[in-house]
Amino acid sequence: MDKALNKNNYFFVFSFLTLFVISFVLYYVVSLVYMIFVSKISSLFEYRIGYILLLIGLSSLTLLLGDLFLFIYVFRVFVFKKYFQKSLLKIFLKSFFSSSLPIILILVPYIVVGLGGVFNEELFYHPAAIIIYVYSVSLGFYGLFVHPIYAPYAALAVNRSLEASDDSFIATYRYMRRDINLLPNILATSIVVWIITTLLTVALIYLIPFLSNTLIPVPRLPQDLLWSWRGRWYEALNNMMPKYYNLIAGPLQYLFYAYIFRKISMRKTIR
């Protein structure tokens, strides 16, 4: 019994530390993307409108896919309390790619038009402007939908595929349809976790103001451009860059989610 208890404790501690490491890497990768492209936007000589699209597209893709992966991870280890076996790697990769397709498809225009706006700004200027001012509104709503609803819902379905060793490409969507009765629980859990995480973030910033600084400082925009439309975009993107408090509040929100969801949905989830 003592050995089993020690094994469970080791499993929890290892999983907990792994969650923090994955979150740490994710936020720094996003910060690196921001630093590279914001430095291009702030440069008088290197600026192209496509850099704004590439920044939004690549950072959003990294963050949203990372969010999905972290939900899959916490469902696996903290809700289903299982390891990731090598024998399930193929099923995981197929299920992860399948569940990622909606995210990838909505961000492809940013990357394609962004590349065009870098290499031929004159030709792609108007398509880039349309996507920036119109498509970005859709992306904002989509981002609000992905984290609280789609990501945990898809993560649960991916874990269903792993549990059943189902390697079908559409298995994720089949399990999502089967678990549609869990959507209210998923939304309720997301709301509670959002409240807890917001309060935690405010407390962290109040106690340690340094935590509100960006992970990687970005170059400042030249003074004569601060009040231009480029300046407004620069400030908006700089404010979106990951901060030090994300390294603490970020992984904790997934732990809170797993704990609360398991409590209110255990009978429906573990069957």
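The residue count restarts for each chain, going from 1 along the sequence in the order it is written. The predicted nature of this model means local features are confined to residues of pLDDT at least 70 and side-chain atom pairs, given and counted, to a pLDDT of 80 or more, with totals for whole chains, interfaces and linings taken over all residues. No hydrogens and no water enter the side-chain calculation; it runs on all heavy atoms of the structure.

### Considerations on the environment of Phe16
Here is step 1 of the chain: The helix and strand labels rest on DSSP assignments: H or I over at least four residues marks a helix, E over at least two residues marks a strand, and numbering proceeds from the N terminus. Within the secondary structure, Phe16 sits in helix 1 (residues 2-41).
Here is step 2 of the chain: For every residue, the accessible area (1.4 Å probe, protein chains only) is compared with the maximum for its type, and the residue is labelled buried under 20%, exposed over 50%, or partly exposed between those bounds. By relative accessible area, which is 25% here, Phe16 ends up partly exposed.
Here is step 3 of the chain: Separated by 236 residues in the primary sequence, Phe16 and Leu252 place their C-alpha atoms 9.4 Å from one another.
Here is step 4 of the chain: By the convention used here, residues are in contact when the closest approach between their heavy atoms is within 4.5 Å. Non-local contacts of Phe16, meaning those with residues more than four positions away in its chain, are made with Phe78 and Leu255.

### Topic: the environment of Lys40
Here is step 1 of the chain: The residue Lys40 is located in helix 1 in this model.
Here is step 2 of the chain: Each C-alpha atom of the pair Lys40 and Leu55 lies 9.9 Å from the other, and the pair is 15 residues apart in sequence.
Here is step 3 of the chain: With residues near it in sequence (within four places) discarded, Lys40 still touches Glu46, Tyr47 and Tyr51.

### Observations concerning the layout of surface pockets
Here is step 1 of the chain: Detection works on a 1 Å grid of protein atoms alone, calling trapped sets that fit a 1.4 Å probe cavities and calling open sets with protein on both sides within 12 Å along at least five of seven lines pockets, with lining residues defined by an atom within 4 Å of a point. Grid points are joined across faces, edges and corners, and a volume is the space filled by probe spheres set on the points. Taken as a whole, the largest pocket holds about 1,400 Å³ of empty space.
Here is step 2 of the chain: Lining the largest pocket are 42 residues, and of these Leu63, Leu64, Gly143, Leu144 and His147 sit closest to its centre.
Here is step 3 of the chain: Elements that contribute at least two residues to the lining of the largest pocket include exactly helix 1, helix 2 (49-79), helix 4 (121-164), helix 6 (183-207), helix 7 (229-240) and helix 8 (246-269).
Here is step 4 of the chain: The biggest single contributor to the lining of the largest pocket is helix 2, with nine residues.
Here is step 5 of the chain: In this classification, Asp, Glu, Lys and Arg are treated as charged, Ala, Val, Leu, Ile, Met, Phe, Trp, Tyr, Cys and Pro as nonpolar, and every other residue, Gly included, as polar. When grouped by side-chain class, the residues that make up the lining of the largest pocket number 25 nonpolar, 15 polar and two charged.

### Here's the deal with a nonpolar patch on the surface
Here is step 1 of the chain: On the surface, a cluster of nonpolar side chains totalling about 530 Å² of accessible area is made up of Leu187, Ile191, Trp194, Ile195 and Leu199.
Here is step 2 of the chain: Of note, Leu187 is situated in helix 6.
Here is step 3 of the chain: Residue classification places Leu187 among the partly exposed positions, given a relative accessible area of 38%. Within the patch definition used here, like charges are joined within 9 Å and nonpolar side chains (Val, Leu, Ile, Met, Phe, Trp, Tyr) within 5 Å, considering only residues with over 30% relative accessible area and no salt bridge. With residues, only the protein chains shown are counted as cover, and all accessible areas are computed by Shrake-Rupley using a 1.4 Å probe. By definition here, a salt bridge exists when the distance from a side-chain nitrogen of Lys or Arg to a carboxyl oxygen of Asp or Glu is within 4 Å.

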